[in-house]
Amino acid sequence: MIGVFIKELLDNFRDRRVILNTLVFTPIFGPVIFVVLMAFMTQQATERMEAPLELPVVGAEHAPNLIGFLERQGVIITGPPEDPERAIRTEEEEIILRIGPDYGQAWNEGRPAPVELIVDQSLRYTGATVSRVRGYLNGYSGEISQLRLMMRGVHPELTRPIQIKVTDLSTPESRGGMILAFLPYFILITVFMGSMHMATDTTAGERERKSLEPLLINPLPRWQVMAGKLAATTAFALMTLALGLIAFVIAMGYMPVEDMDMALNLDLGVAAWAFVLVAPAALLAAALLTILASFAKSYREAQSYMSMVVLIPMIPSLWMLIDPARTETWMTLVPLLNQNVLILELVRGEPVNLAWVGLCLASTSLAALVLAFIAGTLYNRPKLIFTSG
Amino acid sequence: MIEANGLRKTFNKGKVVAVDDFSFSARDGQITGLLGPNGAGKTTTLRMLYTLLKPDAGCMRVDGIDPEVEPLKVRRLLGVVPDSRGLYDRLTARENIRYYARLHGIGRKETEKRINEFSQVLDMDEFIDRRCDGFSQGQRVKVAIARALIHDPRTILLDEPTNGLDVMTTRSLRGFLRDLKSQGRCVVLSTHIMQEVAALCDRIVIIAHGRVAAEGTADELLARSGESNLEDAFVKLIGSDEGLLA
């Protein structure tokens, strides 16, 4: 069994393409995408909040006081494009304010004076600009209504029956964790990507090369052959995981965390915890992929199965994104989901709940061992040994 | 020493009968040839002997041991060169052989000693430390043979050993098989080439449609068929010339 293990490692380390793909690109892939994405998002957000707001206004002449207010707030009023609707649709402008000719009349009669914001709310990047313009308009509205009440001798506070005060208890770490919702996916995917090649090469590859038949004539039980292969695949997955985590820790140094007003708790200590948490998932991934690849007749066929399986660890991440529920005990019993929630807890800087870690490790290991056991019985089927017949 | 009695093996839930009521024996110190057209059941028979397939019926003994009962023990006794050589291209010839030695539990020193011996005998010195990627068929067969014999087995099964080999390599391979025989080993080879059995085998078992069509020495077979050359005898004994062109 150790012989099989060593040979598979040696054999695959000889393949430069595999090493490059599995041990270099895969670990770097996650952090790089992550950092680039985060840097881009925060840069956009800060630019939007700080840059002077340019606002094209249609019919500015109908509301000179409003325009004056906006200008005092630092808004740069520009002339409107010829066709406002088209300008929004073609994304030439993010937002256009239109003041109709009946604005003045409604104002004088004391009715709500209509102004129109032309936007495309399906374009998410315009959200910040739209809310800034709304903020200014609400500010003007509030100022005017207070003035009107005071002129009539009514205390303006009367119109504010309740006062809302939000006390934000999120720590910088927990805010970082929210944005990092996809971090667990990038970590989990490394064990799948890491074991993908090895699982294919040691099973479908061995069949395609027709070296499985001679191999199984050797005097060792078939489950031991499989165990050796699984061990090698798992070792590869663990290597990829370790490298991936290290890459993440390094990459965090380049993250513009200060700009985002949050601390990302991903130092070596957290990475070590994450490694422990995901380690049983490495065996899980290795066993799952090995089982699949064993049924494939060729390398190519196996790879087409693989590409689908790689989506599996994405399911819990997507679910967490759509329905970000609190961590509950049952979640720590579902393999892959439990790594997801616990890694999130870790990067949020929350204290490690040892019971949850235990449940997570136990449940994932159990699932992995069941799969490994199934894999171990596979070579008892003659169908999986011979390329034909 | 191999004895097989009434072997039967079917595939596809009994629809395809590969081997039926097949009996033969192979003695130590002899080369036994399984001769038959493609698809006659030679490979299936060998696979049952080297424990990769279980027969539906019948019994086998390798040096008195039943492969169905003690498969690991039988695999230790056998040296098998299957139809598919299955070398690992990214490993050198030496590493390929070393891998199997390790699976047989042979010590490191002993392994290196034997590899060097095989390298000499099979004339592999030139490529023993090169990666198998790009090896010729002849080189591959040599590595596969050395790999299969690394644990010094008493009984040796070869499936179509000379497939794809040139004349010179075939000649030297035959010489090597005769050496094995003179060491008192039991050598069984399957082939569809008549010249091969004529040149090499002490006993010939002719297989057709999964059954034994005839059995004996080359001379016995000629006498039985009443033909003057082995090719005609072969056609007559299996009842058709089907598969001979392949």
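Quick notes on the rules
Residues numbered from 1 in each chain as written. Chains lettered and ligands numbered in written order. Predicted model: local features only at pLDDT ≥ 70, side-chain atom pairs only at ≥ 80, totals over all residues. Helix = DSSP H or I, 4+ residues; strand = E, 2+ residues; numbered from the N terminus. Rg over C-alpha atoms; globule rule 2.2 N^0.38 Å. Buried ≥ 20, exposed ≤ 12 C-beta atoms within 10 Å, placed from the backbone. Contact = placed C-beta atoms within 7 Å. pLDDT = per-residue confidence, 0-100. Pairing = 2+ DSSP bridges. Axes fitted to C-alpha atoms, helices over the stretch in contact; angles between N-to-C directions. Domains from an automatic or database assignment. Left-handed = near helix turned anticlockwise from the far one by under 90°. Nonpolar A, V, L, I, M, F, W, Y, C, P; charged D, E, K, R; others polar. Right-handed = clockwise from strand over helix to strand, strands pointing away. Parallel < 35°, antiparallel > 145°, perpendicular 65-115°, else oblique. Expected span 1.5 Å × (residues − 1). Bend = angle between axes of the 7 residues up to and from the residue.

Notes on the overall build of chain A
Working step 1: The helix and strand tally for chain A stands at 15 helices and four strands.
Working step 2: For chain A, whose C-alpha radius of gyration is 30 Å, the value lies well above the compact-globule estimate of 21 Å for 389 residues.
Working step 3: Projected onto the principal axes, the alpha-carbon positions of chain A cover approximately 100 × 45 × 35 Å.
Working step 4: Looking at chain A as a whole, 36% of its 389 residues are labelled buried.
Working step 5: For chain A, the proportion of contacts with a sequence separation of at least 24, taken over those separated by at least 6, is 76%.

Quick look at the overall build of chain B
Working step 1: When helices and strands are counted, chain B shows nine helices and nine strands.
Working step 2: Scaling as 2.2 N^0.38, a compact globule of 246 residues should have a C-alpha radius of gyration of about 18 Å, and chain B matches this with 18 Å.
Working step 3: With respect to the principal axes defined by its C-alpha atoms, chain B has extents near 50 × 40 × 35 Å.
Working step 4: Counting over 246 residues, chain B shows a buried share of 45%.
Working step 5: For chain B, contacts bridging at least 24 residues in sequence account for 68% of all contacts bridging at least 6.

A look at the interface of chain A and chain B
Working step 1: In this complex, chain A contributes 19 residues to the contact, which on the side of chain B involves 20 residues.
Working step 2: Broken down by secondary-structure element, the contributors of at least two residues to the side of chain A that touches chain B are α1 (2–13) and α9 (212–216) of chain A.

Some points on the confidence of the model for chain A
Low-pLDDT portions of the prediction should not be read for the details of their coordinates.
Working step 1: Per-residue pLDDT for chain A has a mean of 84; in total, 91% of the residues score no lower than 70.
Working step 2: Ranking the elements of chain A by mean pLDDT puts helix α7 (residues 172–179) of chain A last with 57 and helix α15 (residues 354–378) of chain A first with 92.

Here's the deal with the sheet that holds strand β6 (residues 155–159) of chain B
All names here are of chain B.
Working step 1: If you trace the six strands from one edge of the open sheet to the other, you get β5-β6-β7-β3-β8-β9, paired in mixed fashion. The sheet is open, and its two edges are formed by β5 (78–81) and β9 (211–216), each paired on a single side. On average, each strand axis in the sheet is tilted by 15° relative to the strand beside it, whichever way the strands run.
Working step 2: Sheet analysis places β5 next to β6, joined by four bridges and oriented parallel. Looking at the pairing, G79 lines up with I156 of β6.
Working step 3: Across the face of the sheet, helix α8 (residues 218–225) comes into contact with β8 (203–208) and β9 while running at roughly 110° to β9.

Quick look at the domain arrangement of chain A
Working step 1: Here chain A is described as being made up of domain 1 (2–36 + 173–384) and domain 2 (51–165).
Working step 2: Using only C-alpha atoms to locate each centre, domain 1 of chain A and domain 2 of chain A end up separated by 52 Å.

A short note on the packing of helix α10 (residues 222–252) of chain A against helix α11 (residues 268–295) of chain A
Residues and elements named next belong to chain A.
Working step 1: At a minimum axis distance of 8 Å, the contact between α10 and α11 shows a crossing angle of 145°. Where α10 crosses over α11, the two elements pack in a sense that is right-handed. Side by side, α10 and α11 meet where K229, L230, T233, T234, A237, L238, L241, A242, L245, I246, F248 and V249 of the first sit next to L268, A271, A274, F275, V278, A279, A282, L283, A285, A286, A287 and T290 of the second.
Working step 2: Classifying every residue of the contact of α10 with α11 gives 20 nonpolar, three polar and one charged.

Regarding the pairing of strand β1 (residues 54–58) of chain A
Residue and element names in this part refer to chain A.
Working step 1: The sheet contact formed by β1 and strand β2 (residues 76–78) spans three bridges and is parallel. Considered in β2, the bridge of P56 is made with T78.
Working step 2: Tracing the backbone out of β1, into helix α3 (residues 64–72) and back to the parallel element β2 gives a crossover that is right-handed.
Working step 3: As paired elements, β1 and strand β3 (residues 95–99) share two bridges and run parallel to each other. Within the sheet, the bridge partner assigned to V58 lies in β3 and is R98.

Remarks on the packing of helix α8 (residues 183–208) of chain A against helix α12 (residues 299–309) of chain A
All names here are of chain A.
Working step 1: One can describe the packing of α8 onto α12 by two numbers: an axis separation of 9 Å at closest approach and a directional angle of 155°. Between α8 and α12, the interaxial angle falls into the category roughly antiparallel. Considering only the axes of α8 and α12, their crossing is right-handed. Residue-level inspection shows F192, M196, T200, A204, G205 and E208 of α8 in contact with α12, the latter providing Y299, E301, A302, Q303, M306 and V309.

Details of the sheet that holds strand β2 (residues 16–26) of chain B
All names here are of chain B.
Working step 1: Spatially, β2-β1-β4 is the arrangement adopted by the three strands of the open sheet, whose pairing is antiparallel. Here the strands that pair on one side only, and so sit at the sheet edges, are β2 and β4 (57–62). When the angles between neighbouring strand axes are averaged without regard to direction, this sheet yields 20°.
Working step 2: Strand direction decides the pairing type here: strand β1 (residues 2–11) and β2, joined by seven bridges, are antiparallel. Within β2, the residue paired with E3 across the bridge is S25.
Working step 3: Together, β1, β2 and β4 form the strand contacts of helix α1 (residues 42–49), whose direction differs from that of β1 by roughly 115°.

A few points about the pairing of strand β7 (residues 186–191) of chain B
Residue and element names in this part refer to chain B.
Working step 1: Of all six residues that make up β7, six are buried, and the element is covered over most of its length.
Working step 2: Both faces of β7 are covered, namely the face carrying C186, V188 and S190 and the face carrying V187, L189 and T191.
Working step 3: Pairing of strand β3 (residues 30–35) with β7 involves six bridges; the strand directions are parallel. For I31, the partnering residue across the bridge sits in β7 and is V187.
Working step 4: Summarising the sheet, β6 and β7 pair through five bridges and their orientation is parallel.

Side note on the environment of A:L361
Working step 1: Secondary-structure assignment places A:L361 in helix α15.
Working step 2: Distance in space between the C-alpha atoms of A:L361 and A:V278 is 8.2 Å, their sequence separation being 83 residues.

Overview of the environment of A:V276
Working step 1: Secondary-structure assignment places A:V276 in helix α11.
Working step 2: Sequence spacing of A:V276 and A:P56 is 220 residues, and the spatial spacing of their C-alpha atoms is 56 Å.

Section: α8(A)
Residues and elements named next belong to chain A.
Working step 1: Helix length check: α8, at 26 residues, gives a terminal C-alpha distance of 37 Å against a target of 38 Å (1.5 Å per residue), a fit within 8%.
Working step 2: Considering bend angle alone, the principal kink of α8 is centred on D201 and spans about 35°.
Working step 3: Most of α8 is tucked away: 25 of the 26 residues are buried.
Working step 4: Taken from the residues just after α8, K210 is the one with a positive phi, measuring 60°.

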